[in-house]
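Below, each chain spelled out in residue letters.
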Amino acid sequence: MHRQSGAMPALKSLHLKLPGPDDTSAAATRLAPHLRAGDCILLSGTLGAGKTHFVRALIQKRLSESGRWEDVPSPTYTLVQTYDDGKCEIWHADLYRLTDPTEIIELGLDEAFDTAITLIEWPDRLGDLAPKDALQISLALDEDSRTLTATWDDPRLQILAAKNE
């Protein structure tokens, strides 16, 4: 979500109550078509909060728009899974097991920030390497649902809030 030079746009935010997994998927699929190479989503939340579920729905939506289908497993052990939706590469990274930000460079993730859509779980592991203009999504477990909190400054992402205004 590369920022143009000049005045900085106002930061936008959204809070959504997601009663079930289908609602989490719907939020992801609403966002998916608006992403392009160079966009980054940083997903935070505790274990089991729905980060991978969100990413899986987003990737599968992007793939289906190009007539493709692929299983989208969690990259917990592989650290990074890559996909090609026919428009650009999509990198899904789970950084939970990383202990040092220099491992990000070894994975090539720093270069992917410019050339691919990057979806990063456990972005706190990025340290100073986290893209400053990334869409930040936090998922929190409530008693019987999840709450999604998103912050962004790219006007293309207003689609997140459009259905909820």
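Preceding this section is the structure that the text describes.
Residues numbered from 1 in each chain as written. Predicted model: local features only at pLDDT ≥ 70, side-chain atom pairs only at ≥ 80, totals over all residues. Heavy atoms only, no water.

> Quick question: what am I supposed to make of the overall build of the protein chain here?
The helix and strand tally for the protein chain stands at 5 helices and 7 strands. Along the protein chain, helices (α) and strands (β) appear in the sequence β-α-β-α-β-β-α-α-β-β-β-α when read from the amino end. The burial tally for the protein chain puts 45% of its 165 residues in the buried class. In the protein chain, of all internal contacts separated by at least 6 residues, the share reaching a separation of at least 24 is 64%. (Helix = DSSP H or I, 4+ residues; strand = E, 2+ residues; numbered from the N terminus. Buried < 20%, exposed > 50% of the residue type's maximum accessible area, 1.4 Å probe, protein only. Contact = heavy atoms within 4.5 Å.)

> Teacher, can you tell me more about the pattern of salt bridges here?
Pairing between side chains of opposite charge can happen when the charged atoms of each approach one another. Tallied over the entire structure, the rule returns 4 salt bridges. Taking the shortest distance from any N to any O, the salt bridge between Arg 62 and Asp 85 comes out at 2.6 Å. Taken together, the positions of Arg 62 in helix 2 (residues 51-65) and Asp 85 in the loop between strand 3 (80-84) and strand 4 (89-94) put the pair 23 residues apart, joining distant regions of the chain. The two residues Arg 62 and Asp 85 agree in class, both being buried. (Salt bridge = Lys/Arg side-chain N within 4 Å of Asp/Glu carboxyl O.)

> Would you mind going over the packing of aromatic side chains with me for this structure?
The description of an aromatic ring pair uses the distance of the two centres, along with the angle that the planes make with each other. Under the counting rule described, the total for this entry stands at 1 aromatic pair. The interplanar angle of 55° and the centroid separation of 4.8 Å between the aromatic rings of Tyr 96 and Trp 122 together place this pair among those described as tilted. Taken together, the residues Tyr 96 in the loop between strand 4 and helix 3 (102-107) and Trp 122 in the loop between strand 5 (116-121) and strand 6 (135-141) connect sequence positions 26 residues apart. Judged by relative accessible area, Tyr 96 falls into the partly exposed class, the value being 36%. Trp 122 sits in the buried class, given a relative accessible area of 15%. (Phe/Tyr/Trp six-rings, centres within 6.5 Å; stacked < 30°, edge-to-face > 60°.)

> Whenever I open this one, a negative patch on the surface confuses me. Can you help?
Together, Glu 70, Asp 71, Asp 84 and Glu 89 give the surface a local cluster of negative charge. The residue Glu 70 is located in the loop between helix 2 and strand 3 in this model. (Patch = residues over 30% accessible without salt bridge, like charges linked within 9 Å, V, L, I, M, F, W, Y side chains within 5 Å. Areas by Shrake-Rupley, 256 points an atom, 1.4 Å probe, with all protein chains shown as cover. Lys, Arg positive; Asp, Glu negative; His and termini not counted. Charge placed at Lys NZ, Arg CZ, Asp CG, Glu CD.)

> Any chance you could explain the pairing of strand 5 here in plain terms?
In summary, the side chains of a regular strand alternate between the two faces of the sheet. The buried fraction of strand 5 is high, at 6 of 6 residues. Of the two faces of strand 5, the one holding Ala 116, Thr 118 and Ile 120 and the one holding Ile 117, Leu 119 and Glu 121 are both buried throughout. Two elements, strand 2 (residues 40-44) and strand 5, share 4 bridges in a ladder whose sense is parallel. Residue pairing across strands places Cys 40 opposite Thr 118, the latter belonging to strand 5. Sheet analysis places strand 4 next to strand 5, joined by 6 bridges and oriented parallel. (Pairing = 2+ DSSP bridges.)

> Could you clarify how one ought to interpret the sheet that holds strand 2 in this entry?
For sheets, the rule is that strands pair by backbone hydrogen bonds, running either parallel or antiparallel. Spatially, 7 strands are ordered 1-7-6-2-5-4-3 in an open sheet, and the strand pairing comes out mixed. Two strands close off the open sheet at either side, each with one partner strand: strand 1 (12-18) and strand 3. Strand after strand, the sheet turns through a mean of 15° between neighbouring axes, direction not considered. Contacting strand 1, strand 2, strand 6 and strand 7 (146-152), helix 1 (residues 21-31) runs over the sheet at an angle of about 145° to strand 1. (Axes fitted to C-alpha atoms, helices over the stretch in contact; angles between N-to-C directions.)

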